[in-house]
Amino acid sequence: MITNEYVKRVFEDFCKINTGKPEYIQACQEILESLELAVEKNPSIEKNHLLERFLEPERFVHFRVAWLDDNNEIHVNRGYRVQYNSAIGPYKGGIRFHPSVNESIIKFLGLEQCLKNSLTTLPMGGAKGGSDFDPKGKSDNEIMRFCQAFMTELYRHIGPNTDVPAGDIGVGGREVGYMFGQYKRIRDEFTGVLTGKGLSFGGSLVRKEATGYGLCYFTDKALDVLKHDSFTGKTVVISGSGNVAIYALEKAIQLGGKVVTMSDSNGWIYDSNGVNIEVVKQIKEVERGRIKEYINRVPGAKYYETKPGAPKVWSVPCDIALPCATQNELDLNDAVELVKNKVTIVCEGANMPTTLEAAHYLIDNGVIYGPGKAANAGGVATSGLEMSQNSYRLSWTFEDVDLKLKNIMENIFDNIHSTNKKYELKENDLLTGANIAGFDKIASAMLAQGLF
Ligand code: NDP
């Protein structure tokens, strides 16, 4: 609950101008609740209207994307880009293709991205983009034509020193490749304007693995410092079966954990022997199939369809829970079940997968809660490393990048942990510390650069 008069006023004004944007309001509320403490300790935030200036994006564009399917039928989708804040570096944030994409989702993701990028310590401002295009069931050629049409408008707003997009839900290496090719054709320049590129044209080793690996490095570090414990011998529940989930699975296994679930929007699998990473990669990365297929290949595994009121992955007893699918996939009922089953830590691979009330419940019940803006920052951090390699025009080895990623994730944890100590916060509440530490850097850069 917000009690500070200034913060309350800012939130009320934000709600007034953003009616009908529930995810955006949710993200704003979560951030403002955390920043109350900073506002009380630092009067210059109110004096300089830094909350209002931070919450209002620098620029927001939406545009028409018209494209032809394989039957020469015309389709029209809507494209978006929010360039949220450039105080600490060029705008940076992924592109999402999913039918649920709208202004609220793009703006909440952009707002979160600012704090996340700040936490990485790399010089990157915050942005996000996407379209309500649904890539499911589309042919390779249709995906290519859509990506080309999308970039035919987006190119005028981005650039290697202005705004550097990357992937997100529905946008992986294939889509980034098509968009990069179109940008290069239009601009006639080969630059690191997108990250997550293929290895043969400027991509970085470990970018594909980075979000999932980074999530596990962060989780392991939190377990180590706060519980003197690790992944070894722990039961892990993961949701999703996309890029983030697959590489969280891989790293959790490497660190000695046993992962027992994976999911997609249709349902989830349970494998008491530990999910087989090779089978998952074959189904999801090679065949682009559904997770249900897992039970046809691994004897003893079970499948549960997603239905209203039916049990979710969070009903499975575990020590470590890693939500890696989408926003608001873990609600208060799920948090109650996780606590009942004695979960130790919940760290978010996805962006805002936990509702605000569920996050409060976990923290109040002593669960270590690692918010996405900290725990999943490994993806954008490695994108930052890709930008550096592109500027140098060289490539670092897998081991080099992986080590840098691990160090960044551990530093993010340390930064939050010391912020928590400074503000006398609960040790398991990594949310408040993350918001304060992320905002602090952006606010001082904004002040130093004069009014904008
Ligand atoms: P992918 O598209 O590779 O995978 C998304 C996964 O989540 C799929 O299994 C998908 O299932 C599932 N999913 C998506 N929407 C829903 C929904 N409405 N209900 C249930 N399941 C759903 O995306 P990523 O793995 O890249 O992204 C996952 C999350 O991680 C997102 O929140 C993203 O913003 C966040 N993230 C990603 C980063 C990256 O580097 N890729 C970096 C930081 C955060 P289905 O196939 O059925 O749609």
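Further up the page is the structure itself.
An account of the accompanying structure is given in this report. Fair warning: this is a prediction, and the values are worked out from it, not measured in the lab. (Residues numbered from 1 in each chain as written. Predicted model: local features only at pLDDT ≥ 70, side-chain atom pairs only at ≥ 80, totals over all residues. Heavy atoms only, no water.)

## With respect to the side chain of Lys-221
To keep it simple, the criterion reads: Counting from the N terminus, the helices are DSSP H or I runs at least four residues long and the strands are E runs at least two residues long. For this analysis, residues touch if any pair of their heavy atoms sits within 4.5 Å.
Along the polypeptide, Lys-221 turns up in helix 8 (residues 207-227). Apart from residues no more than four positions distant in its own chain, Lys-221 is found in contact with Glu-410, Phe-413 and Asp-414.

## Some words on the site of the ligand
This is how the line gets drawn: A single heavy atom is enough: if one lies within 4 Å of a molecule or strand, its residue is considered near that molecule or strand. For the purposes of these results, a polar contact is taken to be a pair of N or O atoms within 3.5 Å, where, inside protein, one atom must be able to donate a hydrogen and its partner to accept one; residues adjacent in sequence count only when each atom of the pair is a side-chain atom. Surface exposure here means Shrake-Rupley accessible area, sampled with a 1.4 Å probe, where a residue is shielded only by the protein chains that are shown.
Taken together, 25 residues form the shell around the ligand, and within it Asp-168, Thr-211, Ser-265, Arg-290 and Asn-351 come nearest. Residue Arg-96 places a side-chain N or O atom 2.9 Å away from an oxygen atom belonging to the ligand. Here the ligand, which alone exposes 890 Å², has 83% of that area covered by the protein.

## A few points about the sheet that holds strand 3 (residues 91-97)
The line we're drawing: Strands are treated as partners if at least two bridges between them are detected by DSSP. Orientation is described by axes fitted as lines to C-alpha atoms, over the contacting stretch for helices, and by angles from 0 to 180 degrees between their N-to-C directions.
If you trace the five strands from one edge of the open sheet to the other, you get 1-2-4-3-5, paired in mixed fashion. With partners counted over all chains shown, the strands left at the sheet margins are strand 1 (59-68) and strand 5 (163-166), one partner each. Taking each pair of neighbouring strands and ignoring which way they run, the sheet shows an average axis angle of 20°. In the sheet, strand 2 (residues 74-85) pairs with strand 4 (residues 126-131) via six bridges, with the strands oriented antiparallel. In the strand pairing of strand 4, Asn-85 is matched with Gly-126. In the packing of helix 5 (residues 103-119) onto the sheet, the strands contacted are strand 1, strand 2, strand 3 and strand 4, and the crossing angle to strand 4 comes to about 150°.

## Details of helix 9 (residues 243-254)
Put simply, the rule is: The span expected for a helix works out to 1.5 Å for each residue beyond the first. Type-normalised accessible area, obtained with a 1.4 Å probe on protein chains alone, sets the label of each residue: buried when under 20%, exposed when over 50%, and partly exposed for intermediate values.
In this model helix 9 runs 17 Å from its N-terminal to its C-terminal C-alpha over 12 residues, within 8% of the 16 Å that 1.5 Å per residue would give. Of all 12 residues making up helix 9, nine are buried, and the element is well covered by its neighbours. Buried within helix 9 are the following residues: Val-244, Ala-245, Ile-246, Tyr-247, Ala-248, Leu-249, Glu-250, Lys-251 and Ala-252. Next to the buried residues of helix 9 lie helix 8, strand 6 (235-238), strand 7 (258-263), helix 10 (277-286) and helix 16 (398-422). Among the residues trailing helix 9, Gly-256 stands out with phi positive, at a value near 100°.

## Quick notes on the packing of helix 12 (residues 332-340) against helix 13 (residues 356-364)
The criterion, for reference: Roughly parallel refers to an angle under 35 degrees, roughly antiparallel to one over 145, roughly perpendicular to one between 65 and 115, and oblique to any angle outside these ranges. Each helix crossing is assigned a hand: it is left-handed if the near helix lies turned anticlockwise from the far helix by less than a right angle, otherwise right-handed if that turn is clockwise. In this count, Pro and Cys sit with the nonpolar residues alongside Ala, Val, Leu, Ile, Met, Phe, Trp and Tyr, while Asp, Glu, Lys and Arg are called charged and the others, Gly among them, polar.
One can describe the packing of helix 12 onto helix 13 by two numbers: an axis separation of 8 Å at closest approach and a directional angle of 20°. As far as their axial angle goes, helix 13 and helix 12 are roughly parallel. Every pair of crossing elements has a handedness; the one defined by helix 12 and helix 13 is right-handed. Judged by residue contacts, Leu-332, Ala-335, Val-336 and Val-339 of helix 12 engage Glu-357, Ala-358, Tyr-361 and Leu-362 from helix 13. When the residues that make up the contact of helix 12 with helix 13 are grouped by side-chain class, the tally is seven nonpolar, no polar and one charged.

## What to know about unusual backbone geometry
At Val-206, a position not held by glycine, the phi torsion is positive, near 75°. Along the chain, Val-206 turns up in the loop between helix 7 (173-187) and helix 8. Here Met-352, not a glycine, exhibits a phi torsion of approximately 50°, which is positive. Inspection of the secondary structure assignment puts Met-352 in the loop between strand 11 (345-347) and helix 13. The class for Met-352 is buried, based on a relative accessible area of 4%.

Keep in mind these numbers describe shape, not what the thing actually does.
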